[in-house]
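Structure assessment
So the chains spell out like this:
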Amino acid sequence: MVGSAAGDVRTVSRRVVRADAMVVNPGAQEPQLVHLTPFDLRPLTGEYIQKGILLPKPPTGGVPLVDELAASLARALGRFHPLAGRLVGSSESSAGTGGVVVSLRCSGEGAELVHAVAPGVTVSDITDALYVPSSVVASFFPLNGVLCVDAAVDGSLPLLAAQVTELKDGVFVAVSLNHAVADGTTFWHLWLADVPILLPFAKLEDMIRRPKFPPVHECFFHFSAESVARLKAKANAETRLAATTISSLQSLLAHLWRGVCRARGHSPTRETTYIVFVGCRARVKGIPEGYIGNAVTHARATSAAGDVLAKGLGWAAFLLNRAVASVDEAKVRDQLDSWRRNPSFLYLEPSEDNTTVATGSSPRFDVYGNDFGWGRPVAVRSGAGSKMDGKATVSNPCF
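Calculation notes
- Within any chain, residue numbers begin from 1 and follow the written order of that chain's sequence.
- Where local features are concerned, this predicted model is filtered to residues with pLDDT of at least 70; where side-chain atom pairs are given and counted, the filter is 80 or more; whole-chain, interface and lining totals use all residues.
- Side-chain descriptors were evaluated using all non-hydrogen atoms of the structure, hydrogens and water having been removed beforehand.
- Two aromatic rings, drawn from Phe, Tyr or Trp (for Trp, its six-membered ring), form a pair once their centres lie within 6.5 Å of each other, and the interplanar angle then sorts them: stacked below 30 degrees, edge-to-face above 60, tilted otherwise.
- Secondary structure elements follow DSSP: runs of H or I no shorter than four residues count as helices, runs of E no shorter than two count as strands, and numbering proceeds from the N terminus.
- Accessible area is worked out with a 1.4 Å probe on protein chains only. A residue is then buried under 20% of its type maximum, exposed over 50%, and partly exposed in between.
- DSSP bridges decide pairing: two strands pair if at least two such bridges lie between them.
- As a rule, the C-alpha atoms of each element are fitted with a line to give its axis, helices using only the stretch in contact, and angles between N-to-C directions run from 0 to 180 degrees.

The geometry of an aromatic ring pair comes down to the distance between the two centres and the angle between the two planes. Tallying each qualifying case throughout the model produces 6 aromatic pairs. Taking the centre distance of 5.5 Å and the plane angle of 55 degrees together, the rings of F201 and F345 count as tilted. Within this pair, whereas F201 is found in the loop between strand 8 (170–177) and helix 6 (225–239), its partner F345 is found in the loop between helix 10 (329–341) and strand 11 (356–360), the two being separated by 144 residues in sequence. The exposure class assigned to F201 is buried, which follows from its relative accessible area of 16%. For the ring pair W257 and Y274, a centre distance of 5.7 Å and an interplane angle of 75 degrees mean the geometry is edge-to-face.

One open sheet holds the 6 strands; their spatial order is 1-6-7-8-3-12, and the pairing between them is mixed. Bordering the open sheet on either side are strand 1 (10–17) and strand 12 (379–382), each of which pairs with just one other strand. For this sheet, the mean inter-axis angle between neighbouring strands, taken without regard to orientation, is 20 degrees. Looking at chain direction, strand 6 (residues 111–118) and strand 7 (residues 160–167) are connected through 7 bridges and run parallel. Paired with A118 across the two strands is L167, which belongs to strand 7.

Quick look at the pairing of strand 9 (residues 271–279) now. Judged from the 9 bridges that link them, strand 9 and strand 10 (residues 296–304) form a sheet pairing that is antiparallel. Bridge pairing in strand 10 links V276 to A299. Note that strand 9 and strand 11 share 4 bridges and pair parallel. Counted as the bridge partner of Y274 is V357 from strand 11.

Below is the structure:
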């Protein structure tokens with residue numbers, strides 16, 4: 001049993017890490033200014049992305065460990081130097097209409113690195129229990145409760161912050177990343193024209209709504225490659241459509257959808273929705289392989305709960321398959337053009353009816369490949385940001 005939970009975590013030091021051998025816009029008097037796309041601006045109102053890995057105990061801890069990780073972070077920032085910059089907001093006008101513009105300033109001001117210790121927390125406290133108090137894992141993350149737009153309001157807030165927490169018998173490395181400058185796939189390039197985009201607010205603070213989510217219980221399910229293969233085979237056998245192949249992920253999410261409908265006790269006629277986030281890099285021509293920033297939209301599958309349960313795994317998986325397939329280049333470009341004319345933002349609110357399930361992240365991200373030299377991660381966890389009833393996060397190894 002974890003003792004005093006978040007009270008076990010003590011901050012040892014904070015430092016600013018700047019890029020190693022970074023060159024930002026050589027020859028220019030001012031830092032390079034990068035304007036954000038609709039993909040980037042929509043999540044401004046949400047919280048930072050928070051992902052972390054639980055690692056075995058390294059041979060050396062304390063300051064030497066953190067120094068090594070700081071040097072590694074500096075080298076990474078040298079390649080992805082925009083993440084060492086800051087968000088800036090300015091009031092502007094276009095065609096007689098006033099508003100605000102949010103941009104990324106590649107100023108090289110650095111990322112934050114926090115060193116903390118939690119000698120009362122063990123690896124098994126995090127991995128063994130079906131339910132771990134959220135305050136324990138949340139305390140391992142920096143910038144808790146910070147919205148992405150806060151970084152534009154307060155120009156001193158970093159876009160990227162990491163925390164290294166030494167446990168009794170392991171290390172937790174957590175990262176908080178501003179979702180307005182990157183998604184799960186982070187590279188560097190600018191691909192979209194027609195920027196900057198004027199946002200319809202008198203000032204940046206008008207965008208802010210701070211969500212208050214009730215505490216949720218979290219649990220973690222591990223699916224073997226064999227069990228996922230069986231789900232995929234079952235879904236495709238039940239679908240029986242030669243032109244459609246249900247993926248491993250769609251089969252697994254359909255299984256989850258059915259389980260949630262059953263556990264929540266929805267009436268057969270109750271409408272339920274599954275939201276899947278879809279990457280656009282391979283779907284939209286013109287997005288370079290090295291694009292940094294967001295290229296994600298979402299697909300919705302909706303059905304009566306009774307049909308999700310009665311019609312079988314293949315039917316639910318087919319709904320998800322068709323929803324994802326509907327996200328093509330024409331649809332994404334229409335969304336981008338519509339957003340410019342009528343901007344909308346991601347305001348997450350607690351669900352009143354518990355009829356929605358949403359899945360984020362991706363099993364394609366090689367999170368278990370983050371080996372710093374003393375062993376692969378024992379587990380992957382996320383922070384407190386944007387956690388609500390019905391949200392599921394997937395990570396590899398999953399299939």
